[in-house]
Each structure stands twice: as structure tokens, then as C-alpha cells.
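Overview (structure and organization)
Here is how the chains run, residue by residue.
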Amino acid sequence: MTAPRNRLHALGAVFLLLLAACDQATAATYYVDFVGGSDTAAGTSAASAWKHAPGDREASGSAGSAQLRAGDTVRFRGGVAYRGTIRMPADGSTGAPIRYVGNEWGNAPAILDGSDAVTTVERCPDAARCGNAPNWAQLSLISFKPPSTKLVKFFDDTGILYQGQYPAPPDPFFSDDVNSYAKFPVSAGVRVRGGELEWPEAAKRLAGNAEGTELSIWVQANQVTRRTLVGARGNVLVFIPGDINPYTDRDGRYAIVGSPALLDAAGQYASIAPGKAVAWLRGGAAPTIGNGRFAIDLAGRSNIVVRGFAFEHFAGGNGAVREGVGVLNTGRQSQGIAIVNNKFRNSSLFNGQGVITLRNVSELKITGNDIREIERGSGIRLSAAQDATIENNRIERVGRTGVALLGVANAIIRGNHLAQISGVHGNAITLYLNNRGALVEANTVTRSTRPMTFHGDKSATGPGDHNFVISNNVFVADADGVAALTSWGANTRGVAITGNILIGPRAGIRLTPSDTGITIANNISSGLIITGARPGDWRVGGEREINARNARQLEATLAQGGQLPADVCTTLQAAPGIAIGADWRCP
């Protein structure tokens, strides 16, 4: 029976190939130009482009009635901002995916823009009409249609505009940098729980206009939350506390945000009434306001390619999980998804979501994307997924987490470059909440507080269940961090840490006694910290521990790029030509 069965399998494979070839042969290409197109046009040529893409609920005419088939391509005009939300309307096939592309028509990528034009911009006529801002003469008064999101966020040609804040952070992008917040004794937390904070300097800055300003509070579990002030009684700021939980074992950290009284530099703004704001503009074109929409929802569709777009100016409010996301999946299981060679820039996701946020997706490839300047949000966030490859992406200046895997089976994270992932709750790469089978290989993380973290699933069903392999990476923590590689415990089982360069202010590796089945070998690191007694089943050997001086010398060597010194590769036991991090190779 073996031979007939093999012949049937071979015939089935040939049939699938022929079916894919037929799909490709009959595939159509459609064109979308949001500025110059018309939904009543044919959409089948650049000269007859649609205004809206299939899947946009605003699409009408032939654009709204188009039935995409496997192998079809939808091309967006390069350099044109598309302002809409797309839910994938159809499935592709294994050999003939449906392709939405932004780099096949024109010399610049097509733009998927999450913001809309404001109504008017004028110079502030006087202080009274501009929120009594002390610097009103430097400000502009902006009128706008209130967006669907609760987050009011403006963008300009330069990028993100930021709310004024006191104390002013060194970098306004990291507005949740608690190291820049005002420090209060732990005893202040008692009154904070009751909705009061005595802070004379802040009350003076607000000068009787405290109402509507937000108090930013560092709370337990290393989070920052905000509460809106209802006023001030002398030197005491008053707010409705709700369920707030400031630290009880360390000094409190606080900042005030969003008052016109705090505007003291270009690139700042403050809301003063519904549909009204004041801003210290940086010049150039009029600002736009984040709408709250997402860009593309896979909607449970399969065999889809999203390639070559520039995603810009998206905004998502706290708790609104879909707002501002570039590519998401809210439907049933999707498979055969490729998100390739896109740029995600200048967006504000106070909901903490990723610009790519996918759930229930398998056979996934996220490659060659460039993700930068995502305020308070994440880069790539996957949950309940399987067979995922995240490769050769560049992720810089992301306010929360660069790459987060939550309950993912069989993932590869390889050849990615991450930098400046330094938000209060940010991790450059994290494996969290019951992942199974993850290879983290040849990635570079620098200038980040927690380059990589991992976590088990709180069960205790025997060693080897998680199967994490962390090899040939270069992880360098910044001065605010502790270690380059950190375990949060929760019974992580089966982790191999081999051939990495791991540099941190206090250690290269920080693990917990609940981690079992651990192998640590042939790393160059700033040492190992264990938060308790070392389990007996760990295997540790071939390590080269370096002090702070040697670490600085190694960082200087890494900064030169290219090939690593032979002695480094010998310690790592890396063969010639092997990639160490995303930027170096062994001679």
C-alpha cells in the first residue's frame, strides 16, 4: 500500500501547484490613490485608480463591490497618505497570496496615515483665549474635530508633539522616565491613595489653573498611571484616586502633565477645551491630529502579504486595544501571513499595543521592517500564535517592548537590531506567559534598560517544557538596567543560554531559583546573579566573566562593527563566519 499512497501524495502536490499556477495566471492588479482616485473608476490601472481600497468601509462603487481572489495585488500610490481603515476582505491561497503593497507604484512608499487635518491654526490672540499660558505669545491656537480616541495627540512634519511636563524629562519621548520625576518620601503615598499630594512647586507652576492637569504616578508593578486633577487647595493637588497603588517600600515619583502653564519649548502642546488646544509649533505644515483608527485588520483572513508601506501618525488611548495599531488580527485563526519591508514611524500608543499586534496567527513571517519613534507603545506583539519568524527587523526608540511573545509556540527571533528600548515597563525582547519552543539567535540589543526578559507559566510539570534557546546574541543594558538577560521566574523550564555577549551594570545574567533545566555555557558576560539558591540541575561552564573595565573595552570593540577578535570567538565557541548579534561575524 506504500507505493499507491506515495503516488497519491505526489499527485496531490502537483494538483496544488497547478491550482496555484492558475491563481497566478488569473490574478488581477488594482490601484489605489487616496488623493487622485475615484471609487467609480475601474481600478485596474494607474490612470483609473480607486480612492479607497477593497476592505475599507468607506469604499463605494466598484471599489466597494470588488471581489478579490487569490493572487490579486492591490497597489497604493507612493508618497500619498491613505487615511482609512482596511479589514481584509478575502483569503489568498498558499502559492498565491493576496498582496497589499506600498512600494510598487512610485518612487516613495505609500503612506498609511492615522491622523487627520485640524480645522484651523492661528496665532494665540491673547492669554485668556489660550488657557492663560504664560508663553501665550509663542503659541498657536488649534481648533479640531475631537477624534474617536480619548488620546489627543498631534503630529507635524518633524514627528510627535509632546505634552508639557514638570519636571521636564531629558527626552520628552520617554515621558514615563520616572528617574526624571519629582521624588517624595514613601509616607506621601498614604495621602496619594486618598487623592491628595502636597507639592508646593507644582502648585506654583500651575498658578491656580490646576483643574484638568494630569498627575503622573509611579505605581507598583513598575507602571506609570495618570490621574486628572480636579483642583488645588493651596499647595495640595487634589484628584480622584480610583484604584491606585503607589509603592510602599520606596520613594514615590510624580510629575504633572498637560497644562498650558507647562509649555516652555517648541514641539509641545496642551488641550484647553474639547476641540481646542494650544501648541508651540516647530514650523512647517499645519499639525495633524491622531484619529484613533487602526490601519489593517487581517480579520481572520489567510495567505496575505502586507509590504512596503510607511505607517505614520497613529494614536491609541489607554485601554483601547485596537486603536492606533498598524497591522492586527481580531478575527479567527489566520495563517500564511507575511509583513515585510514596512516602516512604522512617529506614533503614540498609550494602550501599550504593538504597531504589529497579532493574535491567533500561524505560519507568520515578520521580516525587514523598520520600527521607530513609537511613544508609549510596542513594536511587535504576538499572542496565541505559532510557527512565527521575526527576522532582520530594526526597532529603535519604542516606549514599551520591542518584541513581545505571549503564549507563542515555535518562534524564531533572529538577526534583529533593537536600541533605545527604555520605557518604564519596557523590554527589548520578552518571552512571557507560557511560550513553547523559542529560538532567540544573533540579535543585537543596545542602549536598552532590559535587553531581554523571559518568564515561565507558574506550573510545575517537569523540566524542558518551554525550550528556549538563546544563542549568539549581543545584549548590552544601559546604565538604568540591572542585567542584559533577566528571568522573571514563574517556573521557566528548559533554557539554553550559549555563545552570547551579555553586558549589564550589575550582571550579564539574572535568574531565579524557580528556573530549572538551565544550561549556561560559553558566554562572555558581566556575571551571573541568582535571586536565591542555585538549583541542582543547572549546567554552567565555559563562561568568561568580565569586569566593568573589560566591558567598556568590549563595547568599544563592538562599536567598530565587522569582525570580532579571534579570542572573543574562541570563548563563544563560534565557528568562522557565524553571526554574533545582528552586526558582527567571527573571522
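Because the structure is predicted, anything quoted here is derived from the model rather than measured. (Residues numbered from 1 in each chain as written. Predicted model: local features only at pLDDT ≥ 70, side-chain atom pairs only at ≥ 80, totals over all residues. Heavy atoms only, no water.)

1. Topic: the environment of Gly 456
Considering the arrangement of structural elements, one finds Gly 456 in the loop between strand E41 (452-454) and strand E42 (468-471). Gly 456 gets classed as buried once you look at its relative accessible area, which sits at 0%. Residues Gly 456 and Thr 401, spaced 55 residues apart in sequence, show a C-alpha to C-alpha distance of 18 Å. (Helix = DSSP H or I, 4+ residues; strand = E, 2+ residues; numbered from the N terminus. Buried < 20%, exposed > 50% of the residue type's maximum accessible area, 1.4 Å probe, protein only.)

2. Examining the packing of aromatic side chains
With the rule as written, the count across this model stands at 16 aromatic pairs. Summarising the aromatic geometry, the rings of Phe 311 and Phe 344 are spaced 4.3 Å apart at their centres and angled 10° between planes, so their arrangement reads as stacked. Taken together, the residues span a long stretch of sequence, with Phe 311 in strand E24 (residues 309-312) and Phe 344 in strand E28 (residues 343-349) at a distance of 33 residues. Exposure class is identical for Phe 311 and Phe 344. Each is buried. Taken together through their ring pairs, the aromatic side chains of Phe 34, Phe 76, Tyr 82, Tyr 100, Phe 309, Phe 311 and Phe 344 make up a single cluster. In this structure, Lys 51 is placed above the aromatic ring of Phe 34, and the distance from its NZ or CZ to the ring centre is 4.0 Å. The positively charged end of Arg 397 is found above the aromatic ring belonging to Phe 173, 4.6 Å away from the centroid. (Phe/Tyr/Trp six-rings, centres within 6.5 Å; stacked < 30°, edge-to-face > 60°. Lys NZ or Arg CZ within 6 Å of the ring centre and 35° of its normal.)

3. As for the sheet that holds strand E7 (residues 115-117)
One open sheet holds the three strands; their spatial order is E7-E21-E10, and the pairing between them is antiparallel. Of all the strands in the sheet, the pair left with one neighbour each is E7 and strand E10 (154-155). Direction of pairing for E10 relative to strand E21 (residues 288-290): antiparallel, over a ladder of two bridges. Bridge pairing in E21 places Phe 154 opposite Ile 289. (Pairing = 2+ DSSP bridges.)

4. Thoughts on a nonpolar patch on the surface
A surface patch of nonpolar side chains, about 290 Å² in accessible area, is lined by Tyr 432, Leu 433 and Trp 488. Relative to the helices and strands, Trp 488 resides in the loop between strand E44 (483-487) and strand E45 (493-498). Residue classification places Trp 488 among the partly exposed residues on the basis of a relative accessible area of 43%. (Patch = residues over 30% accessible without salt bridge, like charges linked within 9 Å, V, L, I, M, F, W, Y side chains within 5 Å. Areas by Shrake-Rupley, 256 points an atom, 1.4 Å probe, with all protein chains shown as cover. Salt bridge = Lys/Arg side-chain N within 4 Å of Asp/Glu carboxyl O.)

5. Overview of the environment of Ala 42
Position of Ala 42 relative to the elements: it lies in the loop between strand E1 (29-32) and helix H2 (61-65). Once the C-alpha coordinates of Ala 42 and Gly 61 are considered, the two residues, 19 residues apart in sequence, prove to be 9.4 Å apart. Among all residues touching Ala 42, those that are not within four sequence positions of it are Ser 48, Trp 50 and Ser 62. (Contact = heavy atoms within 4.5 Å.)

6. Comments concerning the environment of Asp 249
Structurally, the position occupied by Asp 249 is in the loop between strand E17 (236-239) and strand E18 (252-257). At 3.0 Å, the side chain of Asp 249 and the side chain of Arg 250 are in polar contact. (Polar contact = N/O pair within 3.5 Å; in protein donor to acceptor, adjacent residues only side chain to side chain.)

7. Let's talk about the nonpolar core
Among the nonpolar cores identified, the biggest contains 76 residues, and Phe 76, Tyr 100, Phe 311 and Leu 382 are the most heavily contacted of them. Filtering out sequence-adjacent residues up to four positions away, Tyr 100 remains in contact with Ala 53, Pro 54, Leu 68, Val 74, Phe 76, Ile 86, Met 88, Pro 89, Val 305, Val 306, Arg 307 and Phe 309. Core analysis: the second largest hydrophobic core is formed by 20 residues, Val 192, Ala 203, Ile 217 and Leu 237 among them. (Core = buried A, V, L, I, M, F, W, Y, C linked by side-chain atoms within 4.5 Å.)

8. Details of the sheet that holds strand E53 (residues 562-563)
Spatially, three strands are ordered E53-E55-E54 in an open sheet, and the strand pairing comes out mixed. A strand with exactly one partner marks an edge of an open sheet, and here the two such strands are E53 and strand E54 (579-580). The pairing of E54 with strand E55 (residues 584-585) spans two bridges and is classified as antiparallel. Counterpart to Ala 579 in the pairing with E55 is Arg 585.

9. With respect to the pattern of salt bridges
In the structure shown here, the tally under the stated rule is 29 salt bridges. In this structure, Arg 332 and Asp 91 form a salt bridge, with 3.9 Å as the shortest nitrogen-oxygen distance. In this pair, Arg 332 is assigned in the loop between strand E26 (327-328) and strand E27 (334-340) and Asp 91 in the loop between strand E4 (86-87) and strand E5 (98-101), connecting sequence segments 241 residues apart. Exposure remark for Asp 91: the relative accessible area of 30% places this residue in the partly exposed category. Notably, a salt bridge pairs Arg 191 with Glu 196, separated by 2.7 Å at the nearest N-O pair.

10. Notes on the state of the cysteines
Note on terminology: disulfide describes a covalent bond linking the sulfur atoms of two cysteines. Applying the stated criterion to the full structure yields two disulfides. Covalent S-S linkage joins Cys 124 and Cys 130, the inter-sulfur distance amounting to 2.2 Å. Taking the sign of the S-S torsion, about -115° here, the bridge from Cys 124 to Cys 130 comes out left-handed. Both residues of the pair, Cys 124 and Cys 130, count as buried. Each disulfide pairs two cysteine sulfurs, and for Cys 569 the partner residue is Cys 586, the sulfurs being separated by 2.0 Å. Because the sign of the S-S torsion sets the handedness, a value of about -100° for the bond joining Cys 569 and Cys 586 places this disulfide among the left-handed ones. With a gap of 17 residues between them, Cys 569 in helix H6 (residues 566-572) and Cys 586 in the segment after E55 connect regions that are remote in the sequence. Pair check on accessibility: Cys 569 and Cys 586 agree, each one buried. (Disulfide = S-S within 2.5 Å.)

11. Some points on the confidence of the model for the protein chain
Here the protein chain shows a mean pLDDT of 94. Residues at 70 or above account for 95%. Low pLDDT, under 50, characterises residues 13-19; the predicted model gives this stretch zero contacts beyond four residues in sequence or across chains. (pLDDT = per-residue confidence, 0-100.)

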